[in-house]
Every structure is written in structure tokens, then in C-alpha cells.
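One-letter residues, chain by chain:
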Amino acid sequence: MNGRIAASVVLFAIGCSAVLQAANGRGLDPDMLDRAFERASGLKRLHALIVARDGRIVREKAFRGPGLTRPTNIKSASKSIISALIGIAIDRGVIRGTDQPIADFLADRMPRNGDARLERITIGNLLSMQSGLERTSGRNYGRWVQSRDWVRHVLSRPFDDEPGGRMLYSTGSTHLLSAILTKATGRTTHALAADWLGEPLGMTVPAWERDPQGIYLGGNNMLLSPRALLRFGELYRNDGIHEGRRILSQGWIRESWTTRTHSRFSGHPYGYGWFKTSVCGHTVPYARGFGGQLVYVIPTLGMTVVITSDRSARTRIGGYREGLASLVRDDLVPAAIRADGGVCTPPE
């Protein structure tokens, strides 16, 4: 009798486990997941980590910082948000397309007798950081944001390359996109973000920094919670659809993740506001912000990973950048592959 009861208990437990797995979708190897979160707890600058698969949160934890639901400064991960807004503007016919010259919107902000190449810069060039204009990031950032007119300052920079040339990572390029959105719609970039992304995704988009003319900073200092970032990443993983409602076109996501240039810092491909890397043979587009603000999307594994961090120092200091990369490369992605019965073979 006891043997039959014990067997029944085992079968019941197996059945419950199977039902739970079916209800929750694919999971991650539990040992590897435990190891990942243990390692994450040792990264003293890491604030929050969320891992989702097939649309469900497998595990999340706020190790320190503002928590999972309070907005935090996502730094340059904002560039991926601005890219999404440009995609929606194109879908709605507010902007003609990525080949449209920025002079159609900003001719009155360009310097008199300026370089003729300004007329050749397109929306797409700004999205892919290929405007050719001198960077306003890095050592030039402070001088730029202290200027009286951020848009004119960007447009008055000398050309370091031709439009469509090499990647010159510059927050000024994304700020021009914010100015274009404002000019094309007659609405602030914050209002567009709240209406076009916040409302349909059910996430709060607080106001953030503006330039002296009242244009919201494009490409830096936006405020979103880790949970909101997850919803944004899931939107891309689901080909632009959230709860049955199309918010972004599949075509825009494909365009955003198409390699247009490469970062001279990491060597990683760059599209329209998104970097890319490869882990265990899987393509991994990711949004990245200063200090370790990251959204990784792995469509082939049905997986999204969000990381927020203390933004007081560069990620390369103290090996923090490699620590974050290792979480995804060595633990989380292999944990999904192992849960599916596969093996992650590192490249030779």
C-alpha cells in the first residue's frame, strides 16, 4: 500500500511539473540559472537582472538600486527607443523613409554657408551613426550639452567622414532624430514615446532631460524601469506585436537589426540603434547604455534579458563589462540551450 502511495506521489509530482512547464513555456537549466544569479550577486555594480523566455519571466532579482518597477536612467539604451519611434513615424507616414534627407526637417537649423554634405545626410545615416559629422559623444559631450542650441551645434560640426561612411558613435545624431520627430509631428518626443510605446505596452515613460529649445534629449538619459525595458525587448522579440496589437512593423525590426556598420570600440555590428553579437551560434541583438544598461534579445531561443547597473563608471573599469557579457555568453544562453536538450559549443 505504501509503495503504491509513494508511486502515486511521484507520478503526481511529475504530472504537476509537466503541467507547470507546459503552462510556463520553455525554461532554463536550473543549475546554470542558479549559477548565473549567484555570479550576478557578486557584481557589485549590477542593480537588476531579468531573464524571460517565451514571454514569461523565468527569474528576476533586484540586487541593489531602485528595484524592478521604478524608472532608472537607461543612458544610451535610449537610442534603441528613439529608433523605434522613428520606425513608427515611418509606418504612420509622418516620415517618408530612412532615405529621406534630414534637410527636409532641419534646413532652418543648419549653419549659413554650411558644408554642402549636410544636404546628403539621411534619416538612416543618423540611425546608423554614419552622418560623417564629428562626434558629440566621448570627450565632446560636455561641450555639446553646454552649448546654447544643441541641434545647431551638431549641425555645425566639421565632417570627419562622408555621409554613409564609417561609424562615428554620437548622441548628437540621435538628438537630431528627436528634433526631427518633434518637427514632423508637432509633438514632443516624450509625448510620442508615452503615446506610441508607453500606452500600448502598459509602461510608464517619465519625462527626461530637454535641450535649451525644449527638445527632449534623443539617445540618452531616458527613464524606464527594468520591467518596462523587458516589455520593450519583448516587443522586438515578438516581431513588433504586443498582446495581439501591432506596434512596430516586422520590416522595421528587420531593418533595425540589419548590419550597416561596425563599432570601432567592440567590433560588433550596428544597425538602426541596435548592436549585435553572436552566442553559441545564435544572433543576439542588444541595446546598450553607459555603465551597463542592457537589453539582449535572442529570438531563436525565445529569450530576453534585461540588466541595469550603477551608471557611475565605465563598464570596462574593473572588468565589469566582461562580467556582464559572461553572464549572457557563459550562463544564460547556454542554460536555455541545455534546457532544450542541446549543447553550447564555443567558437574555436
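Here the structure is shown first, and the text comes after it.
Cut-offs used in this document
- Residues numbered from 1 in each chain as written.
- Predicted model: local features only at pLDDT ≥ 70, side-chain atom pairs only at ≥ 80, totals over all residues.
- Heavy atoms only, no water.
- Helix = DSSP H or I, 4+ residues; strand = E, 2+ residues; numbered from the N terminus.
- Rg over C-alpha atoms; globule rule 2.2 N^0.38 Å.
- Buried < 20%, exposed > 50% of the residue type's maximum accessible area, 1.4 Å probe, protein only.
- Contact = heavy atoms within 4.5 Å.
- Areas by Shrake-Rupley, 256 points an atom, 1.4 Å probe, with all protein chains shown as cover.
- Lys, Arg positive; Asp, Glu negative; His and termini not counted.
- Charge placed at Lys NZ, Arg CZ, Asp CG, Glu CD.
- Pairing = 2+ DSSP bridges.
- Core = buried A, V, L, I, M, F, W, Y, C linked by side-chain atoms within 4.5 Å.
- Expected span 1.5 Å × (residues − 1).
- Disulfide = S-S within 2.5 Å.
- Bend = angle between axes of the 7 residues up to and from the residue.
- Polar contact = N/O pair within 3.5 Å; in protein donor to acceptor, adjacent residues only side chain to side chain.
- Salt bridge = Lys/Arg side-chain N within 4 Å of Asp/Glu carboxyl O.
- Phe/Tyr/Trp six-rings, centres within 6.5 Å; stacked < 30°, edge-to-face > 60°.
- Lys NZ or Arg CZ within 6 Å of the ring centre and 35° of its normal.

Student: Looking at this model, I keep getting lost on the overall build of the chain. Mind explaining?
Tutor: Secondary structure summary: the chain contains 12 helices and 12 strands in total. Relative to the 2.2 N^0.38 estimate, which gives 20 Å for 348 residues, the radius of gyration of the chain is 22 Å and therefore close to what a compact globule would have. Dimensions along the principal axes, computed over C-alpha positions, put the chain at roughly 95 × 40 × 35 Å. Across the 348 residues of the chain, 53% fall into the buried class. Considering only contacts within the chain whose residues lie at least 6 apart along the sequence, 63% involve residues at least 24 apart. Summed over its atoms, the accessible surface of the chain is roughly 15500 Å², and 49% of this surface lies on carbon and sulfur atoms. Both charge centroids of the chain, one from 46 positive and one from 31 negative side chains, sit 4 Å from each other.

Student: How should I be thinking about the pairing of strand β1 (residues 46-53) in this particular structure?
Tutor: The two faces of a sheet get side chains in turn, since along a regular strand they alternate between them. Among the 8 residues that make up β1, 8 are buried, leaving the element largely enclosed by the rest of the structure. Strand direction decides the pairing type here: β1 and strand β12 (residues 303-309), joined by 7 bridges, are antiparallel. Looking at the pairing, Ile50 lines up with Val306 of β12. For β1 and strand β2 (residues 56-62), the ladder comprises 6 bridges, and the chain directions are antiparallel. If you follow Leu49 over to β2, its bridge partner there is Lys61. Between the antiparallel neighbours β1 and β2 lie 2 residues, among them Asp54 with a positive phi of about 55°.

Student: What am I meant to see in the nonpolar core here?
Tutor: When a protein is soluble and globular, its nonpolar side chains tend to lie buried together. Ranked by internal contacts, the top residues of the largest apolar core, which has 67 residues, are Ile86, Ile95, Ile102, Ile123, Leu197 and Tyr236. Ranked by the residues each element gives to this core, the list is headed by helix α3 (residues 78-91), at 8 residues. Discounting residues that sit within four places of it in the chain, Ile123 has contacts with Ile86, Ile95, Gly97, Thr98, Gln100, Ile102, Phe105, Leu177 and Ile180. Core analysis: the second largest hydrophobic core is formed by 36 residues, Phe37, Phe63, Leu327 and Ala336 among them.

Student: Honestly, helix α8 (residues 171-185) in this entry has me stumped. Any pointers?
Tutor: Structurally, the α-helix is built with 3.6 residues per turn, so residues lying three or four positions apart point the same way. Over its 15 residues, α8 runs 21 Å from end to end, which matches the ideal 21 Å to within 8%, given 1.5 Å per residue. Most of α8 sits out of view: 11 of its 15 residues are buried. The set of residues buried in α8 consists of Thr171, Gly172, Ser173, Thr174, His175, Leu176, Leu177, Ser178, Ala179, Ile180 and Leu181. Buried residues along α8 sit against α3, α4 (103-106), α5 (123-127), α6 (141-145), α7 (150-155) and α9 (189-201). Phi turns positive one or two residues past the end of α8, at Gly186, with a value near 75°.

Student: Would you mind showing me how to read the state of the cysteines here?
Tutor: Each disulfide consists of a covalent bond between the sulfur atoms of two cysteine residues. Counted under the stated rule, the structure contains 1 disulfide. With its sulfur 1.6 Å from that of its partner, Cys280 forms a disulfide with Cys344. As the torsion about the S-S bond is roughly -65°, the Cys280-Cys344 disulfide counts as left-handed. Of this pair, Cys280 sits in the loop between β9 (275-279) and β10 (282-289) while Cys344 sits in the segment after α12 (320-339), and the two are 64 residues apart along the sequence. The exposure class of Cys344 is partly exposed, given its relative accessible area of 22%.

Student: Help me out: how do you make sense of the side chain of Thr308 in this one?
Tutor: Positionally, Thr308 belongs in strand β12. Take Thr308: its relative accessible area is 3%, and that puts it in the buried class. Setting aside residues no more than four positions away along its own chain, Thr308 makes contact with Leu46, His47, Ala48, Thr72, Pro226, Leu229, Gly292 and Gln293.

Student: Even after reading the chapter, I still don't get α12, so can you show me in this structure?
Tutor: Relative to the 28 Å expected for 20 residues at 1.5 Å per residue, α12 spans 27 Å between its end C-alpha atoms, a close match to the ideal helical length. If you look at α12, its biggest bend is around 30°, right at Ser326. Directly beyond the C-terminal end of α12, a positive phi value near 90° is found at Gly341.

Student: Can you help me understand the side chain of Asn221 in this one?
Tutor: As for its placement among the helices and strands, Asn221 is situated in the loop between α9 and β4 (223-224). A polar contact of 3.2 Å, which involves the side chain of Asn221, links it to the side chain of Asn73. In terms of polar contacts, Asn221 uses its side chain to reach the side chain of Glu209, at 2.6 Å. For Asn221, the contacting residues outside a window of four places in its chain are Asn73, Lys75, Ser78, Tyr141, Trp208 and Glu209.

Student: Please clarify how the pattern of salt bridges should be interpreted in this entry.
Tutor: Two side chains that carry opposite charge are able to pair once their charged atoms sit near each other. Applying the stated criterion to the full structure yields 23 salt bridges. Ionic pairing is found between Arg152 and Asp149, a salt bridge with its closest N-O pair at 3.4 Å. You can call Arg152 partly exposed: its relative accessible area is 38%. Taken together, the salt bridges that share partners define one network made up of Arg26, Arg53, Asp54 and Asp340.

Student: Help me understand the packing of aromatic side chains in this model?
Tutor: The full count for this structure, using the stated rule, is 14 aromatic pairs. One aromatic cluster is present, built from ring pairs that chain together Tyr169, Tyr270, Phe275, Tyr286 and Tyr296. Over the face of the ring belonging to Phe37 we find Arg59, whose NZ or CZ atom lies 5.4 Å from the ring centre.

The analysis is restricted to geometry; functional conclusions fall outside its scope.
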